[in-house]
Amino acid sequence: MTVEYNQYGELTMDGTNLKVLAQSFGTPTIVYDEKQIRNQMRRYHDTFQKSNVPYELSYASKAFTCIQMVKLAEEENFELDVVSMGELYTAIEAGFDPTRIHFHGNNKTKEEIQYALDNNIGYFVIDALDEIEMIDEYASSKVDVLLRVNPGVEAHTHEFIQTGQEKSKFGLSIKHGLADKAITQIKETKHLNLKGIHFHIGSQIEDTTGMIETAKIVLNWLKEENIEIELLNLGGGFSVQYTEKDTAFNIETGIPEIVENIKKQCEALDYPLPKLSIEPGRSIVAEAGVTLYEVGTIKDIPDVNKYVSVDGGMSDHIRTALYGAEYKAMLVNRDDVADETVTVAGKLCESGDIIIHEAKLPSSVKRGDYLAVLSTGAYHYSMASNYNQMQKPAVFFISDGKAREVIKRQSLRQLIINDVK
Ligand code: LLP
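All values derive from a computational prediction rather than experimental measurement.

A. Quick look at the overall build of the chain. Each helix and strand counted, the chain has 12 helices and 21 strands in total. Taking 22 Å as the expected radius of gyration for a compact globule of 421 residues, we find that the chain reaches 23 Å, a close match to that expectation. Over its C-alpha atoms, taken along the principal directions, the chain stretches across nearly 65 × 55 × 40 Å. Here the chain holds 421 residues, and the buried ones make up 57% of them. Counted over contacts in the chain with a minimum sequence separation of 6, partners at least 24 positions apart contribute 67%. For the chain, the accessible area works out to roughly 18,600 Å², and carbon and sulfur atoms hold 47% of it.

B. Molecular detail of the site of the ligand. Close to the ligand lie 18 residues; Ser203, Glu279, Arg282, Arg319 and Tyr379 are nearest. In this structure, serine 203 approaches the ligand through a side-chain N or O atom, which is 2.2 Å from an oxygen atom. For the ligand, a nitrogen atom lies 2.7 Å from a polar atom in the side chain of glutamate 279. The protein chains hide 91% of the 580 Å² of surface that the ligand would expose on its own. In terms of residue class, the shell around the ligand is made up of six nonpolar, seven polar and five charged.

C. Structural view of the pairing of strand β13 (residues 275-278). With three bridges joining them, strand β5 (residues 55-60) and β13 adopt parallel strand pairing. Looking at the pairing, glutamate 56 lines up with serine 277 of β13. Sheet topology places strand β12 (residues 231-233) next to β13; three bridges connect them, and they run parallel. Considered in β13, the bridge of leucine 231 is made with lysine 275. Between β12 and its parallel partner β13, the chain crosses via helix α9 (residues 251-269), and the hand of that crossover is right-handed.

D. A look at the UniProt feature "modified residue: N6-(pyridoxal phosphate)lysine" (unreviewed entry) in the chain. The UniProt feature table records "modified residue: N6-(pyridoxal phosphate)lysine" (unreviewed entry) at Lys62. Locating lysine 62 in the fold gives a position in the loop between β5 and α3 (67-75). A relative accessible area of 34% means that lysine 62 is categorised as partly exposed. When near neighbours in sequence (up to four residues on either side) are disregarded, lysine 62 contacts Val83, Glu87, Tyr379 and Ser382.

E. Spatial organisation of the sheet that holds strand β3 (residues 16-17). On the basis of which strands lie adjacent, the open sheet formed by three strands has the order β1-β2-β3 and antiparallel pairing. The open sheet has two edge strands with one neighbour each: β1 (4-5) and β3. In this structure, strand β2 (residues 11-13) lies alongside β3, joined through two bridges in antiparallel fashion. Paired with threonine 12 across the bridge in β3 is asparagine 17.

F. Structural detail: empty space enclosed by the protein. Counted according to the given criterion, the structure contains one cavity of 30 Å³ or more. Counted as a void, the largest cavity has a volume near 50 Å³. Surrounding the largest cavity, Ile201, Ile205, Asp207, Met211, Gly237, Phe238 and Phe249 form its lining.

G. Local environment of the packing of aromatic side chains. Scanning all chains against the criterion turns up 10 aromatic pairs. Ring geometry for phenylalanine 25 and phenylalanine 396: centres 4.6 Å apart, planes at 50 degrees, overall tilted. Linking phenylalanine 25 in helix α1 (residues 18-25) with phenylalanine 396 in strand β20 (residues 394-399), this pair joins segments that are 371 residues apart in sequence.

H. View of the packing of helix α5 (residues 110-118) against helix α6 (residues 129-138). Across the interface, α5 lies against α6 with an axial gap of 10 Å and an inter-helix angle of 45 degrees. In this view, α5 runs oblique relative to α6, as classed from their interaxial angle. For the pair α5 and α6, the crossing hand works out as right-handed. Facing Lys110, Ile113, Gln114 and Leu117 of α5, the residues of α6 in contact are Glu131, Met134, Ile135 and Tyr138. Within the contact of α5 with α6, the residues separate by chemical class into five nonpolar, one polar and two charged.

I. Region of the structure containing the pattern of salt bridges. Applying the stated criterion across every chain yields a total of 21 salt bridges. Here lysine 19 makes a salt bridge to glutamate 10, at a shortest N to O gap of 2.7 Å. Using a relative accessible area of 14% as the deciding quantity, one classes glutamate 10 as buried. Where arginine 334 meets aspartate 336, a salt bridge forms, and the shortest distance between an N and an O atom there is 3.1 Å. Residue aspartate 336 is classed as partly exposed on the basis of its relative accessible area of 33%.

J. Highlighting the nonpolar core. In terms of nonpolar packing, the biggest core is built from 105 residues, with Tyr59, Phe64, Met69 and Leu147 touching the most fellow members. When near neighbours in sequence (up to four residues on either side) are disregarded, leucine 147 contacts Ile126, Leu172, Ala179, Ala182, Ile183, Leu194, Gly196, Ile197, His198 and Trp221. Leu11, Leu21, Leu374 and Ile398 belong to the second largest nonpolar core, which has 17 residues in total.

K. How the structure looks around helix α7 (residues 178-188). For α7, the complete set of buried residues consists of Ala179, Ala182, Ile183 and Ile186. Buried residues along α7 cover an arc of 100 degrees about the axis, so they all sit on one side. Looking at the buried residues of α7, the elements they touch are α6, β9 (143-150), β10 (172-173), β11 (192-198) and α8 (209-224).

About the cut-offs
- Residues numbered from 1 in each chain as written.
- Predicted model: local features only at pLDDT ≥ 70, side-chain atom pairs only at ≥ 80, totals over all residues.
- Heavy atoms only, no water.
- Helix = DSSP H or I, 4+ residues; strand = E, 2+ residues; numbered from the N terminus.
- Rg over C-alpha atoms; globule rule 2.2 N^0.38 Å.
- Buried < 20%, exposed > 50% of the residue type's maximum accessible area, 1.4 Å probe, protein only.
- Contact = heavy atoms within 4.5 Å.
- Areas by Shrake-Rupley, 256 points an atom, 1.4 Å probe, with all protein chains shown as cover.
- Near = heavy atom within 4 Å.
- Polar contact = N/O pair within 3.5 Å; in protein donor to acceptor, adjacent residues only side chain to side chain.
- Nonpolar A, V, L, I, M, F, W, Y, C, P; charged D, E, K, R; others polar.
- Pairing = 2+ DSSP bridges.
- Right-handed = clockwise from strand over helix to strand, strands pointing away.
- UniProt positions renumbered as here; feature names shortened; annotations may be inferred.
- 1 Å grid on protein atoms, 1.4 Å probe; cavity = no way out; pocket = protein on both sides within 12 Å on 5 of 7 lines; lining within 4 Å.
- Points joined across faces, edges and corners; volume = space filled by probe spheres on them.
- Phe/Tyr/Trp six-rings, centres within 6.5 Å; stacked < 30°, edge-to-face > 60°.
- Axes fitted to C-alpha atoms, helices over the stretch in contact; angles between N-to-C directions.
- Parallel < 35°, antiparallel > 145°, perpendicular 65-115°, else oblique.
- Left-handed = near helix turned anticlockwise from the far one by under 90°.
- Salt bridge = Lys/Arg side-chain N within 4 Å of Asp/Glu carboxyl O.
- Core = buried A, V, L, I, M, F, W, Y, C linked by side-chain atoms within 4.5 Å.
- Arc of directions from axis to C-beta.

In structure tokens, the structure reads:
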């Protein structure tokens, strides 16, 4: 558990009192249990090491990035995935070894390709036919690439975060011949070296079936087409627990299962086992993060609904509105029994601005209390917006009773910094 009540009934995270933190630094604020982030990274390393296969691990920075997060990933021996010039810039500014960075994206711009080449990144993940030509044209020496294939597999997850199904905008379809076309084109280039194959079938996936099935499709195709590779990148997508309804992907049993199936398939096909790679984002940071809010207005509509409004909203918490995602909240400054079901609402001018539709909270909740919304470490800060000119929250890493600020709260001045007067 990321947070627990202390003897005074106040919520703490690894020795830091969250009420004191909220009082001192304001709200909304996202706090991370730094040890828990590191522990997730170490669990993946330990499991792969035990599986005894050549492997590498990357962190998908889209889940949450900032200079300190990038540094942490480097310290934990993770490579880094980026999908935009901004994510790459953040990594470079953090001093991350560029040769351990991979550039993704279904529509990389010319500027991004040039910027990535100038910075000597590790590899590009090719996601379109015309990208092959573009990279070849801009490159002046050999550049490693992976080809993102579309396996035509439907992962069991929310439609918006499925990415491996046939009509997905991502990857090049094996079944429809685009992957073969890409391989031929890559071979014809002057600078591109096909280092490997990549797939990513979706996000928040609880079991191993989709990944195993996809790996099989990909390996069969590689054997059939006589393509040898150095690296097979299985993408990310491992699930986390938001509420009791979710099952977090079991790293210790799931990873060995995937690895064993890939090994077996390679043996059956008499195909050399490539180095394996995964690129989790959510499962590294989601459960380690908690958002602190201050309670404001409470609107009790008799026999209809009770709204507990907080000082943030869909500007820092879009996943409820966007995916119908569910969360749990806890009262920070009192451990009263959660005896009531209420709606936790944001303060933005939109009915859909709900944080939790049915939250279990104590009926004693009142203005001035603090709430902690759990499992908000992934795709929260990174998806935050300035809608309603809301300022982006501050972010802290907590470890051994110490809180260090890793992102300052956005200032009012920053909201208008690009406005022309
Ligand atoms: N690799 C690729 C190529 C990806 O597209 C993604 C996520 C990942 C790795 C990391 O997946 P993860 O381990 O975090 O599931 N905004 C959505 C999630 C979008 C995921 C996009 N791609 C959400 O809030 O659920």
